[in-house]
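Listed below are the residues making up each chain.
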Amino acid sequence: MQKIVILTGAGISAESGLGTFRAEGGLWAQHRIEDVATPEGFSRDPKLVVDFYNARRAQEAEAAPNAGHIALAELEEAFSGEVVVITQNVDDLHEKAGSKKVMHMHGALKSALCAACDHRWPAPLAMAPGDTCPSCQAPAARPDIVWFGEMPYDMDEIFDHLAGADVFASIGTSGNVYPAAGFVAEARRSGAHTVEFNLEPSLVGSQFDDIRIGPASQTLPLWVSELLKG
Ligand code: BJW
C-alpha cells in the first residue's frame, strides 16, 4: 500500500463546532442555497453573501481541530507512502491539525478572489462588497469559494490522485454534491479499497467496501492505528 486518498466533508468539522449543511438546523436550513452559494446570488445581493462568509470566517478563527483531524495529520506524518487530503471544507482545520498535503476543492475562507482577473490574496477577517483587487484595482473582490455551477479547483490533479489510490476514505460527507460524490466510483475503478466514515451511510454509501459508523473523532483514530500497525 503506497497511497491513501482521503475526501473530507463538513461532518469532520462538526465536532469542532462548525455547522454542517444538510443537518436539521444546518446551514441550508438557515440560508437558501440559491442566495448564498451561487454566482447569481452573489450578483443579486453581494452584502448578504459576503456577510455569510465573514461570519463563517470568524467562527473558523475560533475553531480548533478535533481528534479526527489530528488522526489524519498523524497518519500523514507516520505513513511510509503518500497521504493526500482532498477537502470540500473551506475551513483550515486540517492545516491547524498539521496536515501538509491538503487540497481545498471548494475554496477557502482565508482566501479572496478577484472576479475580474482571478488574482488571489489572503482575505481580511471581514470582507466588504466592492473591495478592490490589489492586483488590477477592480472593485471585484469575492470570497474564494466554489459555488454551485462553478468548476471545483484542481480537478485534474484530484483525478490523478484517485487513479493512483490504493485506499480511498470518505469522511463526513453526505454524497449530495458532485463531482465529490463521484470520487468513490472513480477510486473503485482504479482498484482502491474504499471506506466511508459517517454517522449514517451517505447517499453513495452502498459503493464502499467498508463503512465505519460513528463520530469521526472516535472512528478515525482507531482506523489510523489499524493502518499504521499494518
Ligand atoms: C459526521 C459527523 C461526525 C456529521 N462524524 N460524520 C445533477 C447530477 C449531478 C451533478 C449535478 C446535477 N445538477 C447539478 C449538478 C452539479 C452540482 C451538484 O452537485 N448539485 C447537486 C446538489 C445535485 N455541483 C456543482 O455545481 C459543482 N460544480 C460542478 O459540478 O462543476 C462541473 C464539473 C463537471 C465535471 C467535473 C468537475 C466539475 C460545484 C459544487 C460547489 C459546492 N459548494 C458548496 C458551498 C460552498 C462552500 C461553502 O460555503 O462551504 O460546498 S455546497 C456545500 O455542499 C459545500 C460542501 O462542501 C458541499 C458538500 O457538503 P457536505 O460536506 O457533504 O456536508 P453535508 O452537510 O451535506 O453532510 C455532512 C455529513 O457529515 C452528513 O452525512 C452527516 O451524517 C455527517 N456527519 N457529523 C462523521 N461527527
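As shown above, the structure is provided for reference.
Quick caveat, the model's predicted, so the values are computed rather than measured.

Engineer: Explain the environment of C114 to me, please; I cannot follow it from the model alone.
Structural biologist: In this structure, C114 sits in strand β4 (residues 107–114). Its relative accessible area of 0% is what places C114 among the buried residues. Along the backbone, C114 and I158 are 44 residues apart, and their C-alpha atoms lie at a distance of 24 Å. The residues touching C114, leaving out its near neighbours within four places in the chain, are H119, W121, C133, C136 and A140.

Engineer: Looking at this structure, I do not really get helix α5 (residues 46–62). What am I missing?
Structural biologist: Think of an α-helix as turning once every 3.6 residues; residues three or four places apart then point the same way. With 17 residues, α5 extends 25 Å between its outermost C-alpha atoms, agreeing within 8% with the 24 Å of an ideal straight helix rising 1.5 Å per residue. Taken together, the buried positions of α5 are occupied by V49, V50, F52, Y53, N54, R56, R57 and E60.

Engineer: Please explain unusual backbone geometry as it appears in this structure.
Structural biologist: Of the consecutive residues Y178 and P179, the connecting peptide bond is found in the cis state with omega at 5 degrees. In this structure, P179 sits in the loop between β7 (167–171) and α9 (183–189). A positive phi angle, close to 70 degrees, is found at D118, a residue other than glycine. On the secondary structure map, D118 appears in the loop between β4 and β5 (120–122). With a relative accessible area of 55%, D118 lands in the exposed category. Located in the positive-phi region is D154, a residue other than glycine, with phi close to 60 degrees. Relative to the helices and strands, D154 is located in the loop between β6 (141–145) and α8 (155–163).

Engineer: Please clarify how the sheet that holds strand β8 (residues 193–198) should be interpreted in this entry.
Structural biologist: Strand pairing in a sheet is mediated by backbone hydrogen bonds. Such pairs are either parallel or antiparallel. Taken in spatial order, the six strands of this open sheet run β3-β2-β1-β7-β8-β9, and their pairing is parallel. Every interior strand has two partners, whereas the edge strands, β3 (102–104) and β9 (210–213), have only one. Strand-to-strand twist of the sheet, defined as the mean angle between neighbouring strand axes without regard to direction, takes the value 15 degrees. Here six bridges tie strand β1 (residues 3–8) to strand β2 (residues 82–87), and the two strands are oriented parallel to one another. Paired with L7 across the strands is I86, a residue of β2.

Engineer: Just to check I follow, could you spell out the nonpolar core for this structure?
Structural biologist: Looking at soluble globular proteins, one finds that nonpolar side chains tend to be buried together. Within the largest apolar cluster, 22 residues are counted, with the highest numbers of intra-cluster contacts made by W28, F52, Y53, W121, M127, I145 and W147. Elements that contribute at least two residues to this core include exactly α2 (27–30), α5, β4 and β6. Tallying contributions element by element places α5 first for this core, with four residues. Residues within four places of W28 in sequence aside, it is in contact with F21, R22, I33, V36, A37 and F52. One finds V85, V167, A216 and L220 within the second-largest nonpolar core, a separate group that totals 20 residues.

Engineer: Hey, could you run me through the packing of helix α6 (residues 67–78) against helix α10 (residues 216–229) in this one?
Structural biologist: Geometry of a packed helix pair, given as the angle between the helix axes and the separation of the axes. Interhelical geometry of α6 versus α10 gives an angle of 15 degrees and a closest axis separation of 7 Å. Between α6 and α10, the angle is such that the two are roughly parallel. The handedness of the crossing between α6 and α10 is left-handed. Contacts between α6 and α10 involve A67, G68, A71, L72, L75 and A78 on the former and, on the latter, A216, S217, L220, P221, W223, V224, L227 and L228. Among the residues making up the contact of α6 with α10, the classes are represented as twelve nonpolar, two polar and no charged.

Engineer: Explain the site of the ligand to me, please; I cannot follow it from the model alone.
Structural biologist: Around the ligand sit 34 residues, and of these R22, R56, T173, S174 and N198 come closest. In this structure, an oxygen atom belonging to the ligand sits 2.6 Å away from a side-chain N or O atom of N198. One of the backbone N or O atoms of A216 is found 2.9 Å from a nitrogen atom in the ligand. Sorting the residues of the shell around the ligand by element identifies α1 (10–14) and α5 as the ones contributing at least two each. At three residues, α1 tops the list of elements feeding residues into the shell around the ligand. Here the shell around the ligand is composed, by residue class, of 18 nonpolar, twelve polar and four charged.

What counts as what
Residues numbered from 1 in each chain as written. Predicted model: local features only at pLDDT ≥ 70, side-chain atom pairs only at ≥ 80, totals over all residues. Heavy atoms only, no water. Helix = DSSP H or I, 4+ residues; strand = E, 2+ residues; numbered from the N terminus. Buried < 20%, exposed > 50% of the residue type's maximum accessible area, 1.4 Å probe, protein only. Contact = heavy atoms within 4.5 Å. Expected span 1.5 Å × (residues − 1). Pairing = 2+ DSSP bridges. Axes fitted to C-alpha atoms, helices over the stretch in contact; angles between N-to-C directions. Core = buried A, V, L, I, M, F, W, Y, C linked by side-chain atoms within 4.5 Å. Parallel < 35°, antiparallel > 145°, perpendicular 65-115°, else oblique. Left-handed = near helix turned anticlockwise from the far one by under 90°. Nonpolar A, V, L, I, M, F, W, Y, C, P; charged D, E, K, R; others polar. Near = heavy atom within 4 Å. Polar contact = N/O pair within 3.5 Å; in protein donor to acceptor, adjacent residues only side chain to side chain.

Geometric descriptors of this kind do not, in isolation, establish any biological role.
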